[in-house]
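Structural overview for review
So the chains spell out like this:
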Amino acid sequence: MKILVCISNVPDTTTKITFTNDNTEFNTSGVQYIVNPYDEIALSRAIELTEGGKGTVTVINVGEAGNDPTIRKALAIGADDAVRVNAAPRDAYFVAKQIAEYAKDKDFNLILTGRESIDYNGNQVAAMVGEFLDIPSVSIIKKLDVDGDTATIEREIEGGKEVLTVSGKFVASCAEGVAEPKIPNMRGIMSARTKPLVVVDAVAIEEVTKVTKYETPAPRGTVKLIPADQTESLIGLLHSEAKVI
Amino acid sequence: MSVLVYVEQAEGKFKKSVFEAVSYAKAIADQQSTHLTAISIGDVADSELKELGKYGASKVLNVNADQLKTFVNQAYASVIAAAAEKEGADIVVLSNSFSGKGLAPRIAVKLKAGLADGAVELPSTDGKFSVKKTAFSGKAFAITELTSANKVIALNPNAFGVKENATDAAIEAFTADVKQSDLGTVIKEIVRATDKVSLPDAELVVSAGRGLKGPENWGMIEELAGLLGAATACSKPVSDADWRPHSEHVGQTGIAISPNLYIAIGISGAIQHLAGVSSSKVIVVINKDPEAPFFKVADYGIVGDAFEVVPKLIEALKAHKA
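These numbers were taken from a predicted model, which means no experiment stands behind them. (Residues numbered from 1 in each chain as written. Chains lettered and ligands numbered in written order. Predicted model: local features only at pLDDT ≥ 70, side-chain atom pairs only at ≥ 80, totals over all residues.)

So, on to the overall build of chain B. Looking only at helices and strands, chain B has eight helices and 17 strands in total. Its C-alpha radius of gyration of 21 Å places chain B within 12% of the 20 Å reference for a compact globule of 322 residues. Each principal axis of the C-alpha atoms in chain B carries an extent, and together these give about 60 × 45 × 40 Å. Counting only residues that meet the buried cut, chain B has 59% of its 322 residues in that class. Expressed as a percentage of contacts within chain B between residues at least 6 apart in sequence, the contacts between residues at least 24 apart total 67%. (Helix = DSSP H or I, 4+ residues; strand = E, 2+ residues; numbered from the N terminus. Rg over C-alpha atoms; globule rule 2.2 N^0.38 Å. Buried ≥ 20, exposed ≤ 12 C-beta atoms within 10 Å, placed from the backbone. Contact = placed C-beta atoms within 7 Å.)

See the structure below:
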């Protein structure tokens, strides 16, 4: 089984998000980058599914050379090789097109992504790759088992879950539950340095979106503290002042 | 030019988030001086389809084919894109639900359209078609210009509200060719907890963290949520420890929610947690640590032990309802 895992290079989850240049650019100063946490879940499941010589895992990233440490981290976790499409990722449409172009003649059985990147929160790439390749896609999955040519998947729906099967090639975006994220060990870190990381050129595609400005949430007023011995007054405030119950 | 809204049904019914998407799509149609058409796929009674008129849909395309009774995003995307082309719709709106998230990107590729998902406001009308959407897991918003001729917008639940705009909806049967290869995913089972409020589109949420000490103490959280008609949620350490299911985990690596009321009990308010809940309209924090960072973003706070405060709240709520 050949699995392609798409990884995104994102700011660490503890990053304080700020913007520069009149709020038109993300302020990258001092930001630590990590493998998108959901992509780590996808990667960890891919490694589990191919362990013991049952297949190979390739990671793909669309980004510039600065992303290489993040890609090496994915190799340290256990991917066999890596590809970087050398372009600044414009939007999900652009990224998905690059991944689809790379994958179209490579015969991957399965393409996995995380449910969303924690920077743009799109959850678009998996389904877009599926559409560009004209193969099924399943978004926000919680469980993935593969038996021969057929996969059984659980995906989240409002207030419950859906169990479905899919045969042949497909794309899925992984959420918590699919696998426990693997932590690289020393041997993994050492071998990651010498695993293949191929750089390929991007293909041209029309622009469909453009972020023109960022905003941060409006600051909240100061908290109204209610003494613990007057707890019951909270209900009245929520009813008559905040008008939410 | 017109606007097309996809109305997702569950067991033949539309949820509030669907009426919200229709209300939002109607407001866009008004901005563009055009009309709104809705498309429903699956087995839905005419009386339910007529309801869509109440929120401004003047036409409803009803797709009721045997092979499309349950959700298959590939086939549904084909049908919706075909409807958009036939209706001359250049803007497609849908709810940013779990299924919507699997569907919208496929529609966008079919229509070569820019997609704004997680939209929280109406598009701007200053000559550029820009949509404000959530980014950085609730820590920011990105004003995203859709530069393509066709556009797809997935609206976040509770972002716009349901607005009545009574029109008489004309129902039309609609069919589109579906390739066999579009039916690659087959649903085997759907499990829905019918007695619980679904978290992503809940208006009220009661959430608890490690301060609860163990899964056996969730009874009072469930009781409080039950009295309020609220969904229950939890922090990451709680779902990581399997005290509660992952589907309840809100925060940066869980789900992001924007209810009208978020009550956080025994949650300190780490930046990753705040990211997922900061767009809640009203936040109540109950924590015994007065230095808990969550108080800085709360509207109301009680410094106290959850095991004393929550039972008092339950009593007060019972009295309030009586």
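Taken together, six strands build an open sheet; the order of strands is β15(A)-β17(B)-β16(B)-β15(B)-β13(B)-β14(B) and the sheet is parallel. What marks the edges here is a single partner per strand, and that holds for β15 (224–225) of chain A together with β14 (231–234) of chain B. As paired strands, strand β16 (residues 282–287) of chain B and strand β17 (residues 300–303) of chain B are joined by four bridges and run parallel to one another. If you follow Asn287(B) over to β17(B), its bridge partner there is Val303(B). (Pairing = 2+ DSSP bridges.)

Let us look at helix α6 (residues 233–241) of chain A. Side chains that are three or four residues apart share a direction in an α-helix, a result of its 3.6 residues per turn. Within α6(A), the full set of buried residues consists of Leu234(A), Ile235(A) and Leu238(A). For α6(A), the angular spread of buried residues about the axis comes to 105°, placing them on one side. Set apart from the buried face of α6(A) by more than 90 degrees, the exposed residues are Gly236(A), Ser240(A) and Glu241(A). Looking at the buried residues of α6(A), the elements they touch are β15 (261–265), β16, β17 and α8 (306–321) of chain B. Within two residues after α6(A), Lys243(A) carries a phi angle of roughly 55°, on the positive side. (Arc of directions from axis to C-beta.)

As a further point, take the interface of chain B and chain A. Contacts between the two partners involve 79 residues from chain B, matched on the other side by 66 residues from chain A. Pairing of strand β14 (residues 209–215) of chain A with strand β9 (residues 140–146) of chain B, which is carried by six bridges, proceeds in the antiparallel orientation. The partner of Tyr214(A) across the bridge, within β9(B), is Ala142(B).

We now examine the sheet that holds strand β9 (residues 137–147) of chain A. In space, the ten strands of this open sheet follow the order β13(A)-β7(A)-β6(A)-β1(A)-β8(A)-β12(A)-β9(A)-β10(A)-β11(A)-β12(B), with mixed pairing throughout. On the outer flanks of this sheet lie β13 (197–201) of chain A together with β12 (185–192) of chain B, each paired with one strand and no other. Going across the sheet, the axis of each strand differs from the next one's by a mean of 30°, ignoring polarity. Strand direction decides the pairing type here: β9(A) and strand β10 (residues 150–157) of chain A, joined by six bridges, are antiparallel. Bridge pairing in β10(A) links Leu144(A) to Ile153(A). In this fold helix α4 (residues 125–133) of chain A packs onto β1 (2–6), β8 (110–114), β9 and β12 (170–174) of chain A, with an angle of close to 175° to the strand it touches most, β12(A). (Axes fitted to C-alpha atoms, helices over the stretch in contact; angles between N-to-C directions.)

With that settled, the discussion passes to the pairing of strand β13 (residues 204–208) of chain B. Consecutive side chains along a regular strand alternate between the two faces of the sheet. Residue and element names in this part refer to chain B. Of all five residues in β13, five are buried; the element is thus mostly enclosed. Covered by surrounding structure in β13 are Leu204, Val206 and Ala208 together with Val205 and Ser207, the residues of both alternating faces. With five bridges connecting them, β13 and β15 associate as parallel partners. By the bridge assignment for β15, Ala208 is matched with Ile265. Handedness of the crossover joining β13 and β14 through helix α5 (residues 219–228): right-handed. (Right-handed = clockwise from strand over helix to strand, strands pointing away.)

On to the nonpolar core, then. Proteins that are soluble and globular tend to have nonpolar side chains buried together. In terms of nonpolar packing, the biggest core is built from 126 residues, with Val5(A), Val5(B) and Val93(B) touching the most fellow members. The residues touching Val93(B), leaving out its near neighbours within four places in the chain, are Val3(B), Val5(B), Ala21(B), Tyr24(B), Ala25(B), Ile28(B), Ile153(B) and Leu155(B). (Core = buried A, V, L, I, M, F, W, Y, C linked by C-beta atoms within 7 Å.)

Moving on: the packing of α5(B) against α8(B). All names here are of chain B. For the pair α5 and α8, interaxial distance at closest approach is 10 Å and the crossing angle is 20°. Comparing their axes, α8 and α5 come out roughly parallel. Viewed along their axes, α5 and α8 form a crossing whose handedness is left-handed. Residues Met220, Glu223, Leu224, Leu227 and Leu228 of α5 pack against Val310, Pro311, Leu313, Ile314, Leu317, Lys318 and Lys321 of α8. (Parallel < 35°, antiparallel > 145°, perpendicular 65-115°, else oblique. Left-handed = near helix turned anticlockwise from the far one by under 90°.)

This part takes up the domain arrangement of chain B. Residue and element names in this part refer to chain B. Each assigned domain of chain B is listed with its residue range as follows: domain 1 (2–183) and domain 2 (204–321). With centres defined by C-alpha atoms, the gap from domain 1 to domain 2 works out at 32 Å. Taken together, the seven residues of domain 1 in the interface contact nine residues of domain 2. (Domains from an automatic or database assignment.)

Our focus in this paragraph is the environment of Leu111(B). All names here are of chain B. Considering the arrangement of structural elements, one finds Leu111 in the loop between α4 (98–110) and β7 (114–119). C-alpha separation for the pair Leu111 and Ser78, spaced 33 residues apart in sequence, amounts to 10.0 Å. Contacts of Leu111, omitting those with residues within four sequence positions, involve Ala81, Ala84, Asn150 and Val152.

Counting through the fold element by element, Lys296(B) comes out in the loop between β16 and β17. Residues Lys296(B) and Ser95(B) lie 201 residues apart in sequence; the distance between their C-alpha atoms is 32 Å.

Moving on: α4(A). Residues and elements named next belong to chain A. Among the nine residues of α4, nine are classified as buried, and the element is accordingly described as predominantly covered. Three or more residues of α4 are buried, namely Val125, Ala126, Ala127, Met128, Val129, Gly130, Glu131, Phe132 and Leu133. Following α4 by one or two positions, Asp134 adopts a phi angle in the positive range, close to 55°.

The predicted model of chain B averages 95 in pLDDT, with 100% of residues at 70 or higher. Complex prediction metrics read pTM 0.94 and ipTM 0.95. (pLDDT = per-residue confidence, 0-100.)

What follows covers the environment of Ile7(A). Residue and element names in this part refer to chain A. Mapped onto the fold, Ile7 is located in the loop between β1 and β2 (9–11). Overall, the presence of 30 C-beta atoms within 10 Å leaves Ile7 in the buried class. Sequence separation between Ile7 and Glu40 is 33 residues; the distance between their C-alpha atoms is 7.9 Å. Beyond its immediate sequence surroundings of up to four residues, Ile7 is in contact with Val35, Asn36, Asp39, Leu43, Val59, Asn61 and Ala74.

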